[in-house]
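Geometric and topological summary
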Amino acid sequence: MSNPEHTLGVTPPISTALPTDAEKRQTEALLKELRAQGTFESQAETDKRWAVLADLQRITDEFVKRAAQEKEPHNSILIRDARGRIFTYGSFRLGVYGPGSDIDTLVVVPKYVTVKQYFDIFPDLLVEMAPPGAITDLTPVPEAFVPIIKFEYSGISIDLIFCSIQSLRQLPDDKDWNLNSNNLLRGLSENEVRSLNGTRVTDEILALVPEEKTFKLALRAIKLWAQRRAIYANIMGYPGGVAWAMLVARVCQLYPKATSAVIVRKFFTIMLNWPWPLPVLLKNIEYNQSITRVAVWNPKIYPSDRNHKMPIITPSYPSMCATHNVGRSSMAVIQQELERGVQISEEIMLGKRPWKDLFEKHTFFTNGFKFYLTVISSGRTKEAQNTWSGFVESRVRVLVQKLELHPSIALARPFNKGYDRVHRCKTDAQVEEIQTGNLAYMVKPTDTAANGNSKSESKVEVKAEIKTEDGVAPGPAVPVVKEEPTDVVHLGTVPLKPEEKPVKPEANDDDEKVKLADIPEKEPEIEIYTTNHYIGLQLVEKAKSLDLSREVDDFKAMCTSNDIFKAELMGLTIQHVRNFDLPDDVFEPGETKPVRPVKKKKRMAEGDPANGPMAKRQQMATAPPTIKSEPQH
C-alpha cells in the first residue's frame, strides 16, 4: 500500500479532507449494493482460481523444460534450471474480478523459448497435464497481433498470452521476481512489449493509488456502471477495463483520503468536466529512453496521437493511449452517461436515491433509437466463426467511423457486445435467409447454450491490443424503411441431397415388419453460426434520405479481402432494422419491445381543407427518410 502522505499524480490533490460519518455510511451502502448486484464471488470460487493458476505454473515449468530439451538436448544444466513464470493482469490482478470473470494470464519464458514452440507444445501439454476433461474450448490464435491461446480450465475462462525475455538466459528462481524493470523490454518486438505491459501497467496502477482498498471498491462500482450502461469495450470504441481503472485511479490521487462513495461521486463530476483532449496521466511520461523502439505516446511528434479524442495514457514505459479507439459518437455517448451519473450520484449522496439507481440497465434496444444497422458475420463451423466473427468485431468501429462522416447521421452508436446464435437449415436458400437476419431456423436455447447469447469478453478477438446517450432520431413522423435487395457475401454451398418423398413400406405376408432399406434417409442439416453486432443510428433533423450502400460496400470489401476470410466457410452481410423489428432475444425478461406505430386512417372528405394542395405540400415536407443500406440490382 502506498504512503498516503506522499503526493501521487502529476498535480497536487484537490482535497485531503478526512471522510465524514455520512460519507462512511454511503460507502457501506455502496458495498452492500455491489454485493446485492452479485459483483463479488465466493471464497470457494476464488480458491478455485488460485488452484488453476498453480496448475498453469506447473504446466509452464514443464513446457519450458521440454522447449529447452528440444533446443539443446545435451545441455543438462539448461534443462535442469529451465523454468517459466505465470503472471496475471487486468481485473484479476487489480482485485476487481467477479463471478464468471476470465483470468488474463501471461506466460513469461527465457530467451531460447520461441513463440512457435509455444503453439506447438503448450496446447497439447495443457490437455496432457490437466485433470481429464478440465480443458475445454481450446483455441490457439497464433495469427493475432498478440498471439494468444484461449481455453476454459475447469470452467474458468483463460486468455493466455506469451512473452520470451530476450535479455534473460534463465528466469530467476525467486518467487518475488517481477516485471517492473524497463530493461526486460530490451530486444522485444512491439507485440511482445504489449504482452509484457499488461502486467506492468496493472502493477503501476496499484502502486500509484493512495489507498488500494478505496480504489478497488470504487472501481468495482464504475465497472458495473459502465457495463450496465453498455460503454465498456475497447474493441467497440469505448474504454476497456484498464482505461476505466486509470480514470478511477486519477480521481483517487486527487482525493487521497476520500471514501469509495466520494470517489465515485467525484469521478462523474471530474470526468464530465475534463478538458479533453488533455490526457489523463497517473504520472509523468518517461521520454528519452533507448530501451525499445516502440513509440511512446507523444502528440507533439505523432499526428495519429493528436487525433485521440479521449487520451488515457498508461503509466508504464513505453506509455501508450489505452483509448485510441474512442470516436466521436462513442465519446458523445460517454459524456451523456457521465452527465446522468452526476445527477444520480448527487442525489445518492444527499440520501434521496439508492445506489441501485446508478446501475440501471441501458436502453439501447428498448428506447435508444428508431433505426439500427446490424452487421451479421456467419460461419459453417464453430471454429471458423470464432475466428471470423472476432475479426469482423475488431473492424466494426471502422464502419462506425465511416457512418459518422455521413451528412444525414448525427450519431452512430455501436452496442458493446455481439449476439451469438446457432441455426439449423436444409437448403442453400435457407442459408441465405439466415445470412440476412432471418431467425426462423435458430436453435432454441434449450437445445444449445450458444443461442442468442450476448458475446462474452472472453471471445476470440483478432485485434492489435491486449485486452488491455442514447439518442432518438428527431422528426415528428415515423421514418419508413425501404426494403432493398440484399447484396450478400454468400457462404459456400455444401452439396445437398434432393428432397425425397417418404417411402411407404410394403406389407409382408409373413409379418408386418418394415425393412431397414425401405426407411428413407434423413435429410442432412446445415448448421450455421452467426454473430450480430448492432449499431444505433440517430439522424440529423429533417433528414430526407440515408443511402449507406457505399459505406457498406467499403466495409465488406475491407473484411472479405483479408486472408482470414474463406468464402466456402464464412459470410458477411449488413442489414437495416427498425426498432420494432429487433429480434426478441436482445430483450431481457421484463423489458418492453418497441411496437410498430399504428397509422390512423382518416376518410378524406371532398372539399376538406386538410386535403388541399397546401396540406399535401406540408405532408411532403415532413415525409420520413428512406434508409438504404445495400445496393440495388
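Structural notes, computed from the coordinates.

What counts, and at which threshold
- Residues numbered from 1 in each chain as written.
- Predicted model: local features only at pLDDT ≥ 70, side-chain atom pairs only at ≥ 80, totals over all residues.
- Heavy atoms only, no water.
- Helix = DSSP H or I, 4+ residues; strand = E, 2+ residues; numbered from the N terminus.
- Buried < 20%, exposed > 50% of the residue type's maximum accessible area, 1.4 Å probe, protein only.
- Areas by Shrake-Rupley, 256 points an atom, 1.4 Å probe, with all protein chains shown as cover.
- Pairing = 2+ DSSP bridges.
- Axes fitted to C-alpha atoms, helices over the stretch in contact; angles between N-to-C directions.
- Contact = heavy atoms within 4.5 Å.
- Core = buried A, V, L, I, M, F, W, Y, C linked by side-chain atoms within 4.5 Å.
- Polar contact = N/O pair within 3.5 Å; in protein donor to acceptor, adjacent residues only side chain to side chain.

Some words on the overall build of the protein
Helix and strand counts for the protein stand at 16 helices and 13 strands. With 633 residues in all, the protein has 52% of them scored as buried. In the structure as shown, the protein presents an accessible area of about 30,300 Å², 52% of it carried by carbon and sulfur atoms.

Overview of the sheet that holds strand β5 (residues 156–164)
Strand order in the open sheet made by the 5 strands is β1-β2-β5-β4-β3, with mixed pairing throughout. A single partner strand is all that each edge strand has here, and the edge strands are β1 (85–89) and β3 (135–141). Averaged over all pairs of adjacent strands, the angle between their axes in this sheet comes to 25°, without regard to strand direction. Bridging between β3 and strand β4 (residues 148–153) involves 5 bridges; their strand directions are antiparallel. What sits directly across from P140, in β4, is I149. Lying over the sheet, helix α5 (residues 115–129) contacts β2 (103–109), β3, β4 and β5, oriented at roughly 175° with respect to β3.

A short note on the nonpolar core
By size, the foremost hydrophobic cluster in this structure holds 103 residues, and its most contacted members are F215, W225 and F267. At 11 residues, helix α8 (residues 241–254) tops the list of elements feeding residues into this core. With residues up to four places along the chain from it excluded, the contact list for W225 reads I231, W244, F267, F268, E337, L338, R340, L358 and F359. Residues F63, V109, Y118 and L126 belong to the second largest nonpolar core, which totals 35 residues.

A look at the side chain of T531
Mapping T531 onto the fold places it in strand β10 (residues 526–539). A relative accessible area of 0% places T531 in the buried class. Only 3.1 Å separates the side chain of T531 from the side chain of Q385, close enough to count as a polar contact. Here the side chain of T531 touches D420 through a polar contact of 2.8 Å, side chain to side chain.

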